[in-house]
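# Architecture at a glance
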Amino acid sequence: MGGARRLLVLLPLAALLLLATAAGATAGVTSGYRRKPEATADMPLDADVFRLPHGYNAPQQVHITLGDQTGTAMTVSWVTASEPGSNTVAYGRSPKKMEMSAQGTQTRYDYYNYTSGFIHHCTLTGLKHGVKYWYAMGFGHTVRTFSFTTPPKPGPDVPFKFGLIGDLGQTFDSNSTLSHYDANGGSAVLFVGDLSYADAYPLHDNNRWDSWARFVERSVAYQPWLWTAGNHELDYAPEIGEATPFKPFTHRYPTPFRASGSTEPLWYSVKIASAHVVVLSSYSAYGQYTPQWTWLDAELRRVDRKVTPWLVVLMHSPWYNSNGYHYMEGESMRVQFERWLVDAKVDLVLAGHVHSYERSHRFSNVAYDIINGKATPVRNLDAPMYINIGDGGNIEGIANNFTKPQPRYSAFREASFGHATLEIKNRTHAYYEWHRNHDGAKVVADSVWLINRYWMPTHDDSN
Ligand SMILES: [Fe+2]
């Protein structure tokens, strides 16, 4: 082969290499970490994490969530197993002086051959922001006392640390996730759906809803968790006569939906510190003119980034997911709402459902109009960063079936269990970190500084 011809052959090769290098500079990372193979079994019902509290009819399954939009009210929920007991919660700023009290309500439900205990919900009102309160319930039987700190008043530069957990379940891995989160010390959890996985059991054994609530009490009795509905909250089983979606979930887990003008508990918003958090339901109607569509349209107009600079959206089924599991299940909702979220300059979208971890660059796919062919996700600094955090560690196991090649929107992905935290520092900066369960609790396996889309919209933070 002559020199000129060799050059002709080599030039395209060199061009290809250059292209590959350029693409590699922005390509995502599929983690080389290999999770040890091990069974993902539910903890047995006699495990210590499911232990009943001492005493006859003692309040169990204690959990709290915001009772209004900003945390000057807190809703306390608990179950008494044997008899109704008292609906009263006493509360105050010292365990020795709980001089205020509130009256709650109680409910029960039947699910096939299961009848729930007496489920109590009591909203404590008149709270001040950023203050520690003690509370107690179970009067007449066995009193139990807990405490929480209300979130700080919303404002543009109010630091706050959220925990991010999804698809938790009640396996040994779930227990590890919760312990690691406890060690990393957030002040409220944004939970992206799929709580107990009771529906993995024959007849959706609702005793596993009870055991799950006893398991997570060690965190959620002391700090508010914000609930998103996942598919495992549907408990839709017409074959056994259970055709009311979300029956156990909505009886057990209230949300402050009325405070944000919502008409259903499955979609709502809260304002915590510098964050406006919007919770959506992947399993409720979201087409044009539906209640959720109408509410979100109005809600995004209500967001004031001068007061709450950080706009975070929660849903269960991800819009951007490059795992073979549940691939494109969130697509119809993405088509419906992505344009709105891009126009609103949402900072972060959190989803679960896929049992692995993935973080995106800032991409959008909103140019398509059915005939123009523009259906490829493209870089867009107005777009949210998407994080799939469905890696709490449930009985269904890990999702380790990533599509190849890694899509350009995907920045980092790993098939492991874990949790994340989002620490808002001020109106412009927030530090996000992800922890895999197989490391020590404090080890950071993935992290990124988020730069606020409203205050610093031209800064690309997604590399
Ligand atoms: Fe799910």
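For every chain, the first residue of the written sequence is number 1, and numbering continues from 1 onward in sequence order. Predicted model: local features are reported for residues with pLDDT of at least 70 only, side-chain atom pairs are reported and counted for 80 or more only, and whole-chain, interface and lining totals are derived from all residues. Calculation of side-chain values draws on the structure's entire complement of heavy atoms; hydrogens and water are dropped beforehand.

This part covers helix H2 (residues 172-184). Secondary structure elements follow DSSP: runs of H or I of four or more residues count as helices, runs of E of two or more count as strands, with numbering from the N terminus. To estimate how far a helix should extend, the number of its residues minus one is multiplied by 1.5 Å. Here H2 is 13 residues long and its end C-alpha atoms lie 19 Å apart, about the 18 Å a rise of 1.5 Å per residue gives. Within H2, the full set of buried residues consists of Asp-173, Ser-174, Asn-175, Thr-177, Leu-178, His-180, Tyr-181 and Asn-184. Nitrogen and oxygen atoms within 3.5 Å of one another constitute a polar contact, given that in protein one can donate a hydrogen and the other can accept it, and given that sequence-neighbouring residues count only through two side-chain atoms. Between a side-chain oxygen at the N-terminus of H2 and the backbone nitrogen of Asp-173 the separation is 3.0 Å; the capping residue is Thr-171. Downstream of H2 by one or two residues, Gly-185 has phi in the positive range, about 65°. The buried label goes to any residue with under 20% of its type's maximum accessible area, the exposed label to any with over 50%, and the partly exposed label to all in between, with areas taken from a 1.4 Å probe on protein chains only.

The next point concerns the coordination of the iron ion. Only N, O and S atoms count as donors, using a 2.8 Å limit from the metal and a wider 3.2 Å limit for Na, K and Ca, and since water is excluded some coordination spheres may look unfilled. In this structure, Asp-194 (OD), Asn-231 (OD1), His-316 (NE2) and His-353 (ND1) serve as the protein donors to the iron ion, at separations of 2.1 to 2.2 Å. The rule is simple: four donors are tetrahedral if all their angles sit between 85 and 135 degrees, four are square planar and six octahedral if opposite donors span more than 155 degrees and the others lie between 65 and 115, and anything that fits none of that is irregular. Classification of the site at the iron ion as irregular follows from its 4 donor atoms and the range of 89 to 169° in their angles at the metal. Each donor residue of the iron ion lies on one chain, and together they are spaced D-x36-N-x84-H-x36-H. Placement of Asp-194 in the loop between strand S13 (188-191) and helix H3 (207-220) and of His-353 in the loop between strand S18 (348-351) and strand S19 (357-360) is noted, with a sequence separation of 159 residues between them.

Looking now at the UniProt feature "domain: Purple acid phosphatase N-terminal" (unreviewed entry) in the protein. UniProt's entry tags residues 59-150 with the feature "domain: Purple acid phosphatase N-terminal" (unreviewed entry), counted in the numbering of this structure. Between the first and last C-alpha atoms of residues 59-150 the distance is 22 Å; the span itself is 0% helix and 53% strand. UniProt positions are given in the numbering used here, feature names are shortened, and annotations may be inferred rather than shown by experiment.

Its location among the elements puts Lys-247 in helix H4 (residues 247-252). For Lys-247, a relative accessible area of 17% gives the class buried. If we skip the residues at most four places from it in the chain, Lys-247 touches Tyr-109, Asp-110, Tyr-111, Leu-234 and Glu-242. Whether two residues are in contact is decided by their heavy atoms: any pair within 4.5 Å suffices.

A separate point is the packing of aromatic side chains. Pairing of aromatic rings covers Phe, Tyr and Trp, the last through its six-membered ring, and needs centres within 6.5 Å; plane angles under 30 degrees mean stacked, over 60 mean edge-to-face, and all others mean tilted. Overall, the coordinates contain 27 aromatic pairs when judged by the stated rule. The interplanar angle of 55° and the centroid separation of 6.2 Å between the aromatic rings of Tyr-286 and Phe-337 together place this pair among those described as tilted. Of this pair, Tyr-286 sits in the loop between strand S16 (275-279) and helix H5 (291-302) while Phe-337 sits in helix H6 (residues 331-343), and the two are 51 residues apart along the sequence. Both residues of the pair, Tyr-286 and Phe-337, belong to the buried class. Centroid distance Trp-293 to Trp-340: 5.3 Å. Interplanar angle 50°. Geometry classified as tilted.

Mapped onto this structure's residue numbering, the UniProt feature "domain: Calcineurin-like phosphoesterase" (unreviewed entry) falls at residues 161-357. What you have in residues 161-357 is 29% helix and 16% strand, and the ends, taken at the C-alpha atoms, are 20 Å apart.

Within a predicted model, pLDDT stands for the predictor's per-residue confidence, ranging from 0 to 100. Residue-level pLDDT values for the protein average 93, and 93% of them are 70 or greater. Within the model, the stretch residues 1-25 combines pLDDT values under 50 with 2 contacts to residues more than four positions away or in other chains.

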